[in-house]
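So the chains spell out like this:
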Amino acid sequence: MFIPTGVLIFASLSVWNPDKPAVSLILVLVFCPVSEAPAVVKQIQSADAAGKAQKLGQVVAPLAGCGENVRSLAGPFGYATSVQGCAVIGYPGYQREYHWYKESDVSICTHGKGFNSSNAATWYNTGCQDGNWLVPWGNTLAYTQMQGLSLSGATGAAYVWRA
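Fair warning: this is a prediction, and the values are worked out from it, not measured in the lab.

Asker: An account of the pairing of strand S6 (residues 95-102) is requested, with residue identities and associated values reported.
Answerer: Of the strand pairs in this sheet, S6 and strand S9 (residues 131-136) are connected by 6 bridges, and their pairing is antiparallel. Along S9, the bridge assignment pairs Tyr98 with Trp133. As paired elements, S6 and strand S12 (residues 157-162) share 3 bridges and run antiparallel to each other. Bridge pairing in S12 places Lys102 opposite Tyr159.

Asker: Give me the lowdown on the side chain of Arg96, citing residues and values where you can.
Answerer: Mapped onto the secondary structure, Arg96 falls in strand S6. Comment: no salt bridge for buried Arg96; closest opposite-charge side chain is Glu97, at 7.7 Å. One polar contact links Arg96 to Tyr94, side chain to side chain, over a distance of 3.3 Å. Reaching out from Arg96, the side chain makes a polar contact with the backbone oxygen of Ala163 at a distance of 3.2 Å. Not counting the four nearest positions on each side in its chain, Arg96 is found in contact with Cys66, Cys86, Val88, Trp133, Leu134, Val135, Trp137, Thr144 and Ala163.

Asker: I'd like a rundown of the pattern of salt bridges, residues and numbers included.
Answerer: Going through the model one piece at a time under the given rule, you end up with 2 salt bridges. Salt-bridge contacts for Arg71 lead to Glu103; the nearest nitrogen and oxygen are separated by 3.5 Å. Of this pair, Arg71 sits in strand S3 (residues 69-74) while Glu103 sits in the loop between S6 and strand S7 (108-115), placing them 32 residues apart in sequence. We classify Glu103 as partly exposed; its relative accessible area is 39%. Here Arg162 and Glu97 are joined by a salt bridge, their closest N and O atoms 3.1 Å apart. With Arg162 in strand S12 and Glu97 in strand S6, this pair connects stretches of sequence that are 65 residues apart. For Arg162, a relative accessible area of 26% corresponds to the partly exposed category.

Definitions and cut-offs
Residues numbered from 1 in each chain as written. Predicted model: local features only at pLDDT ≥ 70, side-chain atom pairs only at ≥ 80, totals over all residues. Heavy atoms only, no water. Pairing = 2+ DSSP bridges. Helix = DSSP H or I, 4+ residues; strand = E, 2+ residues; numbered from the N terminus. Buried < 20%, exposed > 50% of the residue type's maximum accessible area, 1.4 Å probe, protein only. Lys, Arg positive; Asp, Glu negative; His and termini not counted. Salt bridge = Lys/Arg side-chain N within 4 Å of Asp/Glu carboxyl O. Polar contact = N/O pair within 3.5 Å; in protein donor to acceptor, adjacent residues only side chain to side chain. Contact = heavy atoms within 4.5 Å.

If you want it as structure tokens, here you go:
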């Protein structure tokens, strides 16, 4: 018989960054002993309310907060995969929105990471024009990512997408 000795706590927090005048949402993942879970949850909630959640020792933040812009490079000879975006917890039927725009004069095409009906990671077409694109996500916990392909045939191209 398996008896869990710890619990993984998921919490979504709002973080104000004074360098970027916007609020970002981050996902907090905390592992702690089962007996300490109620106290840890209270600590996270009070730190979030005070705007100090990102200073907690247990908090693990993704490389980008949800809603933040991520600069990426589209590959010249094949799709280049971006660094991880933000952690997203989906639910049955959920579709993740990707928004992107190019930062160079070179045309690009993109794919957004999503999940098929078997919850397997799949790259979905998010177009060759700037804009908003929905991809199936479903009941999955994973990081958002994009892929870009430069259409120049010789050079890469820069683009920005919202994690």
